[in-house]
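Secondary and tertiary structure notes
Here is how the chains run, residue by residue.
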Amino acid sequence: RSTLSSSSAASDVYKRQTNYDLKIAHCGNLACSIGNTITAVDTAGKVGQYSALAIGIDGLPIISYQDNTSSPFSLKVLHCGNVDCTDGNVFTLVDPGSGTESFGYRTTITIGTDGLPVISYVNNMGDLKVAHCGDIQCTTGNTITKVDNLSSINSTSISTGADGLPVIAYIESTSFTLKVLHCGNTACTSANTINTVDSDATYASMTIGRDGLPIISYMDWTSKDLKVVHCGDVSCSSGNTIFNLDSANHVGEATSITIGVDGFPVISYLDVTIFKLKVAHCSNTFCMPYWRRR
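Residues numbered from 1 in each chain as written. Predicted model: local features only at pLDDT ≥ 70, side-chain atom pairs only at ≥ 80, totals over all residues. Heavy atoms only, no water.

Turning our attention to the side chain of S102. With respect to the helices, strands and loops of the structure, S102 is situated in the loop between β7 (90-95) and β8 (105-111). The exposure class assigned to S102 is buried, which follows from its relative accessible area of 5%. Among the polar contacts listed, one links the side chain of S102 to the backbone nitrogen of F73, at a separation of 2.8 Å. When sequence neighbours within four positions are dropped, the list of residues in contact with S102 reads P72, F73, V122, N123 and N124. (Helix = DSSP H or I, 4+ residues; strand = E, 2+ residues; numbered from the N terminus. Buried < 20%, exposed > 50% of the residue type's maximum accessible area, 1.4 Å probe, protein only. Polar contact = N/O pair within 3.5 Å; in protein donor to acceptor, adjacent residues only side chain to side chain. Contact = heavy atoms within 4.5 Å.)

Below you can see the structure in the form of C-alpha cells.
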C-alpha cells in the first residue's frame, strides 16, 4: 500500500517485470493525470519484488523491497533524496540473506511515533520479522526481531496504533488464519501480543481508523466474500466487529485499505469473477450500512 504525501502530488512504487527494476512514479497531481515523473531507482540485478512505500518525517519517500539478485534474498530499503527519487537516493541492505535463509517477502512499511521506519516482512521459512530502523535512512542502528514463527504467511500489513505502537495484521496461509500482532514497544522487541481475529481469511490489508483502532479488509477464504473487521481495541483482543462488505461473485483478492478525507475507510479489491477492480467507500468507521449515531 502506498502512502500519499501531504502535498498536491502522490507517489507509488512498483517492479518492472521485464528488467526486474524498481521504479517509482511521482504524480503531478492527485489524479496522476498530468506532470507524472517515472524513475527507475534501482536497476542493479533483480529488485523491487514485494515493494512498499511510506513518506518519512522529512517528507521524502522510503521504500522497502526484496533484492533477489542472488540467493539468498535480502530485505532492502531505499531512502529518496528528493520527492521524485531522481537524486541523492540512499540504499541499504537492512537484513541480508544468510545461508539458506532469504528475507524481504511480503514487506510493508510504516513510520513510528519516534519518526523512524518500521518494516514487517517474512523469510522463506514462514517467520514474521520486524525491522526497526535506527535512523530515517535505515543505515545504522537497525533492530531486527523475529515476532512469530509460522510455516507460511501470504500477507502482512503494518501501521501505528493510537497508543503509538506498531500493529501488524497477517495471514497464516496454511490454516487461513487472520492474526494481529500488537507490539509492546516501538521496535517490537518485547511484550508483544498476538490475537486471532478470524480463522477463515486471506489477503489482508490494515489501516488505523480515526478512532485510533485497526480496521482490516480481507477475503473470506471459504465464501470468497470481501470482509472488514473493526477492532474493539488497539490489539484486536476483544470487541471486534466483522461485516461482509461485498458477497457478489468471487471478491476481495488483492485488497488494500486506507482512510479517506472524510475519515471513513476506502477499500480497493479485485472481483475475480468479472476481472474488475472495485472500490468500496464506507459510510462509517465500522463499514456497516445500518450503523448510525443517535
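Each aromatic ring pair is summarised here by two numbers: the centre-to-centre distance and the angle between the ring planes. Across all of its chains, the model carries 3 aromatic pairs by this definition. With a centroid separation of 6.4 Å and 50 degrees between ring planes, the pair formed by F73 and Y105 is classed as tilted. Of the two residues, F73 is situated in the loop between β5 (61-67) and β6 (74-79) and Y105 in strand β8; the sequence distance between them amounts to 32 residues. Residue classification places F73 among the partly exposed residues on the basis of a relative accessible area of 22%. Among the aromatic residues, those joined into a ring-pair cluster are Y50, F73 and Y105. (Phe/Tyr/Trp six-rings, centres within 6.5 Å; stacked < 30°, edge-to-face > 60°.)

On average, residues of the protein chain score 92 in pLDDT, and 93% of them are at 70 or above. Low pLDDT (under 50) marks residues 1-8, which in the prediction has 23 contacts with non-local residues, meaning those over four places away or in another chain. (pLDDT = per-residue confidence, 0-100.)

Glancing now at the pairing of strand β12 (residues 153-160). β12 sits mainly inside the fold: 8 of its 8 residues count as buried. Here β12 pairs with strand β13 (residues 166-172) via 7 bridges, running antiparallel. Across the sheet, T160 pairs through a bridge with P166, a residue of β13. Connecting β12 to the next strand, β13, in antiparallel fashion are 5 residues, including G164 with a positive phi near 85 degrees. (Pairing = 2+ DSSP bridges.)

This model, assessed by the stated rule, comprises 6 disulfides. The disulfide bridge from C80 ends at C85, spanning 2.0 Å between sulfur atoms. Given an S-S torsion of about 85 degrees, the disulfide between C80 and C85 has right-handed geometry. The class for C80 is buried, based on a relative accessible area of 0%. Put simply, C183 and C188 are joined by a disulfide, and their sulfur atoms are 1.9 Å apart. The chirality of the disulfide connecting C183 with C188 is right-handed, given an S-S dihedral of about 85 degrees. Here C183 falls in the buried class, since its relative accessible area comes to 0%. Listing the disulfide partners of the protein chain by sequence rank of the bonded cysteines yields 1-2, 3-4, 5-6, 7-8, 9-10, 11-12. (Disulfide = S-S within 2.5 Å.)

Under the definition given, this model contains 8 salt bridges. Notably, a salt bridge pairs K76 with D42, separated by 2.9 Å at the nearest N-O pair. Taken together, the residues span a long stretch of sequence, with K76 in strand β6 and D42 in strand β3 (residues 37-42) at a distance of 34 residues. A salt bridge links D271 to K278, with the shortest nitrogen-to-oxygen separation between them at 3.5 Å. (Salt bridge = Lys/Arg side-chain N within 4 Å of Asp/Glu carboxyl O.)

Right, let's talk about the side chain of D220 for a bit. Here D220 lies in strand β17 (residues 214-220). With residues up to four places along the chain from it excluded, the contact list for D220 reads D200, D225 and K227.

For sheets, the rule is that strands pair by backbone hydrogen bonds, running either parallel or antiparallel. In spatial order, the strands read β16-β17-β18-β19; together these 4 strands make up an open sheet with antiparallel pairing. The sheet terminates laterally at β16 (201-208) and β19 (241-246), the two strands that pair on one side only. Averaged over all adjacent pairs, the angle separating strand axes in this sheet is 25 degrees, with direction ignored. Taken together, the 5 bridges between strand β18 (residues 226-230) and β19 define a ladder with antiparallel strand orientation. From the neighbouring strand, K227 faces β19, where its bridge partner is N244. (Axes fitted to C-alpha atoms, helices over the stretch in contact; angles between N-to-C directions.)

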